[in-house]
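# Notes for the structure review
In case you want the letters, here they are:
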Amino acid sequence: MPLRIVADYHVSREVITSRDFSTFRMGDQYRLLAERTGHDFGASIALLDRLPTFMEGRAHKATRKAMALRNDANKAAQLAATDTYLADFTARELRAGNSVDLMQAFALPLLDALAMATTAAGGRPTPPMEFIRLFPSLFSSHTPLARRIAINTMLVALADGADEAVFDDLALLVLGIYPLSGSLALTLHATFAAQPETPLRAIRWPDRFAASALHYVDRVCRRDTTGGNDAVAAGERVRCLIQSADWAHAQNQGMTFGAGAHLCLGRRLSEAIWDKVTRGLGGFDLVAQAGPLAMDAGGEPFDRPSHAFVTFQPA
């Protein structure tokens, strides 16, 4: 399938919100992979097919509605878990001379706490976080076949005897883990780097995530049409940037959670968590000195950090 990259902000928004384009069906790619390799990816396909990111039409609307209701039901427990996590983290880690990896030792453990709160609120066991962290690698073109098979095998075991609610939990968790954790770590690191001598209590915090770990979404042209001034043929795959160093800050912020019918379901929760994080960190006299930032080379489609270090020092 031909791939076209759209880097212009206005054209990208146009394509993402246009009915002339549909989502890229990841489940179909695994049906083709199963045909080519002879491996059974049925469990992975079943979960991919229920992720709103890859859905369209009535099924997409119904799934979004169900997941929105689940988000509303879980929100109080998730925000309470955030408060508990932040209180523990600040008491344990915010001291002069201490270095913290904002991705591995802050953002990802916070997502673990949210996952436990999500499933506990519904009276269900929490799926292994190893699986939640691994499953999004199925979205990447760089993931080796052996890892794809191993992830599918893990999912088969998780699905054995499970009810539908477990799949809904899995869908919410695998969609949210890297956009939220990566965006949180990137935004904190960028904020500290931009204000290197400013005590946490005086930091000028962005009012929302200033950096997103998701930089593009793919669309497939339904019928011959145009994108901006360019002709786009039916069947052509279009990669639409939603973050770019060439865009204005307001444009990047405006696309952090996507656009149109596929606007991120977790936006309100993410913004509430960001508000809690800034208030939790903002009561200290320490200075946060940004250290090395390393990006995960195999994280497609997420441009997320593998490590994002910061060292706390006296103000």
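Here goes a summary of the coordinates provided.

Cut-off values and rules
- Residues numbered from 1 in each chain as written.
- Predicted model: local features only at pLDDT ≥ 70, side-chain atom pairs only at ≥ 80, totals over all residues.
- Heavy atoms only, no water.
- Core = buried A, V, L, I, M, F, W, Y, C linked by side-chain atoms within 4.5 Å.
- Buried < 20%, exposed > 50% of the residue type's maximum accessible area, 1.4 Å probe, protein only.
- Helix = DSSP H or I, 4+ residues; strand = E, 2+ residues; numbered from the N terminus.
- Phe/Tyr/Trp six-rings, centres within 6.5 Å; stacked < 30°, edge-to-face > 60°.
- Lys NZ or Arg CZ within 6 Å of the ring centre and 35° of its normal.
- 1 Å grid on protein atoms, 1.4 Å probe; cavity = no way out; pocket = protein on both sides within 12 Å on 5 of 7 lines; lining within 4 Å.
- Points joined across faces, edges and corners; volume = space filled by probe spheres on them.
- Nonpolar A, V, L, I, M, F, W, Y, C, P; charged D, E, K, R; others polar.
- Pairing = 2+ DSSP bridges.
- Salt bridge = Lys/Arg side-chain N within 4 Å of Asp/Glu carboxyl O.
- Axes fitted to C-alpha atoms, helices over the stretch in contact; angles between N-to-C directions.
- Parallel < 35°, antiparallel > 145°, perpendicular 65-115°, else oblique.
- Left-handed = near helix turned anticlockwise from the far one by under 90°.
- Contact = heavy atoms within 4.5 Å.
- Expected span 1.5 Å × (residues − 1).
- Arc of directions from axis to C-beta.

The next thing to look at is the nonpolar core. Residues Leu 51, Phe 106, Phe 135, Leu 184, Leu 188 and Phe 192 are the most contacted members of the largest nonpolar core, which totals 66 residues. Per element, the largest residue contribution to this core is twelve residues, and it comes from helix H8 (residues 164-194). Grouped together as the second largest cluster of nonpolar side chains are 17 residues, Val 11, Val 217, Cys 221 and Val 238 included.

The tally for this structure, following the rule as stated, stands at 13 aromatic pairs. Between Phe 131 and Phe 135 the ring centres are 5.5 Å apart and the planes differ by 45 degrees, which places this aromatic pair in the tilted class. Each of the two residues, Phe 131 as well as Phe 135, counts as buried. Positioned above the aromatic ring of Phe 24 is the side chain of Arg 237, whose terminal nitrogen or guanidinium carbon lies 3.9 Å from the ring centre.

Bringing the layout of surface pockets into the picture now. Volume-wise, the second largest pocket comes out at about 380 Å³. Lining the second largest pocket are 14 residues, and of these Arg 19, Glu 56, Gly 57, Ala 261 and His 262 sit closest to its centre. Those elements that provide at least two residues to the lining of the second largest pocket are helix H1 (9-17) and helix H4 (57-93). Sort the elements by how many residues they give to the lining of the second largest pocket and H4 lands first, with three residues. Class assignment for the residues of the lining of the second largest pocket results in three nonpolar, six polar and five charged.

Glancing now at the pairing of strand S7 (residues 237-241). Along a regular strand, successive side chains alternate from one face of the sheet to the other. Extensive coverage of S7 is indicated by the burial of five of its five residues. Alternating residues of S7 divide into Arg 237, Arg 239 and Leu 241 and Val 238 and Cys 240, and every residue in both groups is buried. Here strand S4 (residues 216-221) runs beside S7; their pairing, made up of five bridges, is antiparallel. Along S7, the bridge assignment pairs Asp 218 with Arg 239.

This part takes up the pattern of salt bridges. Summed over the entire model, instances satisfying the criterion amount to 17 salt bridges. Taking the shortest distance from any N to any O, the salt bridge between Asp 296 and Arg 304 comes out at 3.1 Å. For Arg 304, a relative accessible area of 11% translates into the label buried. Each member of the salt-bridge network shares a partner with another, and the members are Asp 218, Arg 237, Arg 239 and Glu 300.

How two helices pack is summed up by the angle between their axes together with the distance between the axes. Two numbers describe how H8 lies on helix H10 (residues 267-281): the axes approach to 12 Å, and their chain directions differ by 40 degrees. Looking at the two axes, H8 sits oblique to H10. Once H8 is placed against H10, the crossing between them reads as right-handed. The segment H8 lies against H10, with Leu 180, Leu 184, Thr 187, Leu 188 and Phe 192 engaging Ser 270, Ile 273, Trp 274, Val 277 and Leu 281.

An ideal rise of 1.5 Å per residue puts 16 Å on twelve residues; helix H2 (residues 26-37) measures up with 17 Å between its terminal C-alpha atoms. Those residues of H2 that sit buried are Met 26, Gly 27, Tyr 30, Leu 33 and Ala 34. Looking down the long axis of H2, one finds its buried residues gathered within 110 degrees of arc, a one-sided arrangement. Opposite the buried face of H2, at more than 90 degrees from it, the exposed residues are Glu 35 and Arg 36. The secondary structure elements touched by the buried residues of H2 are helix H3 (42-48) and helix H7 (145-159).

Within a sheet, each strand pairs with its neighbour through backbone hydrogen bonds, oriented either parallel or antiparallel. One open sheet accounts for three strands, arranged S3-S9-S8; its pairing is antiparallel. The open sheet has two edge strands with one neighbour each: strand S3 (99-101) and strand S8 (287-295). The average undirected angle you get between the axes of adjacent strands in this sheet is 20 degrees. Sheet analysis places S3 next to strand S9 (residues 305-313), joined by three bridges and oriented antiparallel. Within the sheet, the bridge partner assigned to Asp 101 lies in S9 and is Phe 309. Relative to S8, H8 is tilted by about 130 degrees, and along the sheet it contacts S8 and S9.

Attention now moves to H7. Over its 15 residues, H7 extends 21 Å from the first C-alpha to the last, a length consistent with the 21 Å expected when each residue adds 1.5 Å. Against the buried residues of H7 lie H2, H3, helix H6 (129-134) and H8. Gly 161 sits one or two residues past H7 and shows a positive phi near 75 degrees.

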